[in-house]
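Observations on chain architecture
These are the residues of each chain, in order.
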Amino acid sequence: MIEPFLLNAFLASVGLAVLAAPLGCLVVWNRMAYFGEAIAHAGLMGVALSLAFQVDLTLSVLLVALAAAVFVLALSRQRVVPIDSVLGLLHHGALSLGIIATGALSGPSVDLRSYLFGDIYAVVPSDLYWLAGTAVLVLGALVWLWQPLLRIAVHAELAAAEGVPRQRIRAAFIILMALAVAMAIKFVGILLAVAFLIVPAVAARPFATTPERMVVIALAIAVAAVVAGLYGSWTWDLPGGPSIVLAMALAAATSLFWVGARDNG
Amino acid sequence: MHQPSSSCDAHHDHPPIVLRPDALLSAEGLFYSRGSRTILSDVTLDIVAGEAITLIGPNGAGKTTLVRLLLGLDKPDRGSVNRRPGLSVGYVPQRFDIDRALPITVGRFLELGLAPRVHSSVITEALSEVGADGLAQRQLSLLSGGELQRVLLARGLLRNPQLLVLDEPVRGVDYLGEAELYALIGKLRDERGFAVLMVSHDLHVVMGSSDRVLCLNRHICCSGVPTTVARHPEYERLFGRRLAPAFAVYEHHHDHAHDLSGRSIEPASDSSGGAADTPTPHKAHPRDEDVAK
């Protein structure tokens, strides 16, 4: 007999994996991993606002993530320093602001740990409904926008010269990414949220020959890592989210090691 | 393109340029700067159907910037770019760093560039047209420089272009491959009749098959048919003399073949040739000869 909280944790992790697989591949193809990290860390501001104004956490994290995205776009207009430095600034600035704001708005008694690391075993059914709704929305949008998103990922300028509305597609992608990150923060915490996006995609790359196959393989690896991670967590009494992410990371490291050995004889 | 100047570097007043009304694409008075650095200043040009224009200039002359403005990838600070409505443009970009994280076959890459409602059987055709048969199943990120350029060219052709824009199409291609690639572009243009705007920082091959050469150095400093530009002292100063023999080797098969004898065919007419008149493909545009003054 499976304990209900274990089942909920499993369903939430798998749902997140489904949501994250296509987005994660796009993030990797567009080299936006650091961008994802930056909006995830800005999510701590969302936690602060949610605690202070009694707003739903997902909603406030989403709003903050979108604000962070706009901020990045505004700062990327300058050409003095590269974009990853701008993201570094945002990333650490937002994290610091988040810690200060959480303390100031909610008092020092608030335990940040559950937000930084998440608690996959604390998932309740209403969380699952939210996740399912978000997943349907995001996946629907991705199916609809897949072709232009892929064209931009292959070569943004070529796509733009051929008439793809680059700015609008990018903006839509950032919104979808913010939604996924907001969901991931709720379940696996701010520090590990982006891992669900990036790590399975990286693990899948050596086995993929088409973009879509990479998404499917990433999903398969993520689900396997969820099963392995939760099993390990249950058996040895380890924290759930980190166990899953560790399983993903081991899969990715093995995959990259394997392909490195294959290609270098 | 209409500046009666004997110096490529000096700024000067010039008479107003009359853009041809039947142009596919025209640009008027383009200015572009980044920070305090002026990259383009007062660039005016037009391209009519079937015309082959080569844009040459030293590194940092603003060639790629100009192409980006013409394609609408960047906005000029001042001036305007006008396209004929419904104009189809094929673009072969200069920099193509396909991210190895993205697995994609050549066939799929070409499919992504297909105009809507075009059957994908044309992909095989396009590949064979550019001499890249059999590449459809290969991974894009594993192509050699020459193969990649051919595939990019095929993607440009799949747009069924009236104008094909090529930014340094031989980048990453060895010397022999260069000549082949230029010959291929010339052949495709003969067959399909599209206009070509080609950028090069190096012109030993391209000029022979161009109707018109624009020499850019932040502004358009000289222009004209290849032979007149090639004899222009400013051109020689900017680019050296080494291209003369290359001309002889790679001259496009039916274009100005008579130049090879060294006979002077273009009347080195003076600055007057300004009146816009009916352009003929493969023929010099009279108003461009002012460079030979």
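This report concerns the structure included in the present document. Fair warning: this is a prediction, and the values are worked out from it, not measured in the lab.

Residue and element names in this part refer to chain B. Summed over all chains, the structure comprises five cavities of 30 Å³ or more. As a volume, the largest cavity reaches approximately 80 Å³. Along its surface, the largest cavity is lined by Ala52, Ile53, Thr54, Tyr182, Ile185, Gly186, Arg189, Val196, Met198, Ser209 and Ser210. Broken down by secondary-structure element, the contributors of at least two residues to the lining of the largest cavity are β3 (52-56), α5 (175-192) and β7 (195-200).

This next bit is on the pattern of salt bridges. Residues and elements named next belong to chain A. By the definition in use, this model includes 15 salt bridges over all chains. Note that glutamate 162 and arginine 151 form a salt bridge whose closest N and O atoms lie 2.8 Å from each other. Taken together, the positions of glutamate 162 in the loop between α7 (156-161) and α8 (166-188) and arginine 151 in helix α6 (residues 125-154) put the pair 11 residues apart, joining distant regions of the chain. Arginine 151 gets classed as buried once you look at its relative accessible area, which sits at 12%.

The subject of this paragraph is the packing of helix α10 (residues 211-236) of chain A against helix α11 (residues 240-263) of chain A. The description of two packed helices rests on the angle between their axes and on the distance between the axes. Residue and element names in this part refer to chain A. The contact between α10 and α11 brings their axes to 7 Å, and the two run at 130 degrees. Judged by the angle between their axes, α10 and α11 are oblique. Crossing of α10 over α11 shows right-handed handedness. Across from Ile221, Ala222, Ala225, Val226, Ala228, Gly229, Leu230 and Ser233 in α10, the residues of α11 making contact are Gly240, Ser243, Ile244, Ala247, Met248 and Ala251. Among the residues making up the contact of α10 with α11, the classes are represented as 10 nonpolar, four polar and no charged.

Let us look at the sheet that holds strand β5 (residues 89-92) of chain B. Residues and elements named next belong to chain B. Within the open sheet, the six strands sit side by side as β5-β6-β7-β3-β8-β9. Their pairing is mixed. With one partner strand each, in any of the chains shown, β5 and β9 (220-224) form the two edges of the open sheet. Each neighbouring strand pair of the sheet contributes to a mean axis angle of 15 degrees, computed without reference to strand direction. As defined by bridge partners, β5 adjoins strand β6 (residues 163-167) across four bridges and the pair is classed as parallel. Bridge pairing in β6 places glycine 90 opposite leucine 164. This element, helix α1 (residues 63-71), spans β3, β5, β6, β7 and β8 (212-216) of the sheet and lies at about 150 degrees to β7. Contacts from helix α4 (residues 145-158) reach β5 and β6, with the element oriented near 165 degrees to β5.

Rules behind the numbers
Residues numbered from 1 in each chain as written. Chains lettered and ligands numbered in written order. Predicted model: local features only at pLDDT ≥ 70, side-chain atom pairs only at ≥ 80, totals over all residues. Heavy atoms only, no water. 1 Å grid on protein atoms, 1.4 Å probe; cavity = no way out; pocket = protein on both sides within 12 Å on 5 of 7 lines; lining within 4 Å. Points joined across faces, edges and corners; volume = space filled by probe spheres on them. Helix = DSSP H or I, 4+ residues; strand = E, 2+ residues; numbered from the N terminus. Salt bridge = Lys/Arg side-chain N within 4 Å of Asp/Glu carboxyl O. Buried < 20%, exposed > 50% of the residue type's maximum accessible area, 1.4 Å probe, protein only. Axes fitted to C-alpha atoms, helices over the stretch in contact; angles between N-to-C directions. Parallel < 35°, antiparallel > 145°, perpendicular 65-115°, else oblique. Left-handed = near helix turned anticlockwise from the far one by under 90°. Contact = heavy atoms within 4.5 Å. Nonpolar A, V, L, I, M, F, W, Y, C, P; charged D, E, K, R; others polar. Pairing = 2+ DSSP bridges.

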